[in-house]
Amino acid sequence: MRISAKGRYALAAMIRMAEKYNSGEYITVISISEKLGISKIYLEQVFSLLKRGGIVRSIKGAQGGYQLMRMPGQITVLDVLSAVELSLFEPAEDTVQEKAPDIEAAMRYSAFDVLDSTIRDTLGRITLYDLVVEAEKHKKGQGYMFYI
């Protein structure tokens, strides 16, 4: 499965927001842009989709920015990608329905529907909290320090 840059950036930004969730602060697009090295203009488009998808809320003004709508443990990768990858979960188009409906049905029911269901189930089990925990494991300089 190939996730677009928009989907990957959205997920990275949501992980960043999940890391800061307990502070209760609104986080600006510019701070995420600088931290992750993603274009501010591009991120604004992504956040517009995330807001429309009910993943984040925003307030305007000097103290403005974005916050997650729910706790990180309640937002899944499926939620985030569904909000920004508008065509990712569209059903596959028929390919040989007219001349070979039996083959079309076999492909749909035995392959495509199974694949779609498995992907949805898997992405629906991974939360932003899970990704924050995993990111913590991979932070540079976070190894164990031994003193003798």
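This text goes with the structure placed above it.
A brief report on the enclosed structure follows. Small disclaimer: the values here were computed from a predicted structure and weren't measured.

Considering the overall build of the protein
Step number 1: Looking only at helices and strands, the protein has six helices and two strands in total.
Step number 2: Secondary structure elements of the protein occur, N-terminal to C-terminal, as α-α-α-β-β-α-α-α.
Step number 3: Computed over its C-alpha atoms, the radius of gyration of the protein comes to 19 Å, more than 25% above the 15 Å expected for a compact globule of 148 residues.
Step number 4: Taken along its principal axes, the extent of the C-alpha atoms in the protein is 65 × 50 × 25 Å.
Step number 5: Residue burial in the protein is summarised as follows: out of 148 residues, 30% are buried.
Step number 6: Sequence-distant contacts, at least 24 apart, represent 64% of the contacts inside the protein between residues at least 6 apart.
Step number 7: The centroid of the 19 positive side-chain charges in the protein is displaced by 10 Å from the centroid of its 18 negative side-chain charges.

Structural notes on the pairing of strand β2 (residues 65-68)
Step number 1: The side-chain alternation of β2 yields two buried faces, one formed by G65 and Q67 and the other by Y66 and L68.
Step number 2: Sheet analysis places strand β1 (residues 56-59) next to β2, joined by four bridges and oriented antiparallel. What sits directly across from I59, in β2, is G65.
Step number 3: Connecting β1 to the antiparallel partner β2 that follows it, the hairpin turn spans five residues, and G61 within it adopts a positive phi of roughly 110°.

Overview of helix α1 (residues 5-19)
Step number 1: Over its 15 residues, α1 extends 21 Å from the first C-alpha to the last, a length consistent with the 21 Å expected when each residue adds 1.5 Å.
Step number 2: If you check which residues of α1 are buried, you get G7, A10, L11, A13, M14, I15, R16, M17 and A18.
Step number 3: Where the residues of α1 are buried, they touch α2 (29-36), α3 (40-52), β1, β2, α4 (77-84) and α6 (128-137).

A word on the nonpolar core
Step number 1: Ranked by internal contacts, the top residues of the largest apolar core, which has 32 residues, are M14, M17, F47, L50, V56, V80 and L128.
Step number 2: Taken together, the elements giving at least two residues each to this core come down to α1, α2, α3, β2, α4 and α6.
Step number 3: Considering each element in turn, this core owes the most residues, seven residues, to α1.
Step number 4: When sequence neighbours within four positions are dropped, the list of residues in contact with F47 reads A13, M14, M17, V29, I32, V56 and Y66.

Digging into the pattern of salt bridges
Step number 1: Overall, the coordinates contain six salt bridges when judged by the stated rule.
Step number 2: For the salt bridge of D79 with R70, the shortest nitrogen-to-oxygen distance reads 3.0 Å.
Step number 3: Residue D79 is classed as partly exposed on the basis of its relative accessible area of 25%.
Step number 4: Looking at R70, the relative accessible area reads 29%, which means it is partly exposed.
Step number 5: E136 is paired through a salt bridge with K139; the nearest N and O atoms lie 3.0 Å apart.
Step number 6: By relative accessible area, which is 36% here, E136 ends up partly exposed.

Description of the side chain of S33
Step number 1: Residue placement: S33 occurs in helix α2.
Step number 2: Accessibility expressed as a relative area gives 10% for S33, which makes it buried.
Step number 3: For S33, the residues in contact, after removing those within four places along its chain, are I38, S39, K40 and L43.

Description of the packing of aromatic side chains
Step number 1: Counted by the stated rule, this structure contains two aromatic pairs.
Step number 2: For the ring pair F47 and Y66, a centre distance of 4.6 Å and an interplane angle of 45° mean the geometry is tilted. One end of the pair, F47, is in helix α3; the other, Y66, is in strand β2, and 19 residues separate them in sequence.

Let's talk about the environment of T122
Step number 1: Examined against the element boundaries, T122 turns out to sit in helix α5 (residues 101-125).
Step number 2: A sequence separation of 17 residues divides T122 from K139, and the C-alpha atoms of the two residues are 25 Å apart.

The rules we used
- Residues numbered from 1 in each chain as written.
- Predicted model: local features only at pLDDT ≥ 70, side-chain atom pairs only at ≥ 80, totals over all residues.
- Heavy atoms only, no water.
- Helix = DSSP H or I, 4+ residues; strand = E, 2+ residues; numbered from the N terminus.
- Rg over C-alpha atoms; globule rule 2.2 N^0.38 Å.
- Buried < 20%, exposed > 50% of the residue type's maximum accessible area, 1.4 Å probe, protein only.
- Contact = heavy atoms within 4.5 Å.
- Lys, Arg positive; Asp, Glu negative; His and termini not counted.
- Charge placed at Lys NZ, Arg CZ, Asp CG, Glu CD.
- Pairing = 2+ DSSP bridges.
- Expected span 1.5 Å × (residues − 1).
- Core = buried A, V, L, I, M, F, W, Y, C linked by side-chain atoms within 4.5 Å.
- Salt bridge = Lys/Arg side-chain N within 4 Å of Asp/Glu carboxyl O.
- Phe/Tyr/Trp six-rings, centres within 6.5 Å; stacked < 30°, edge-to-face > 60°.

Spatial relationships are all this shows, so hold off on functional conclusions.
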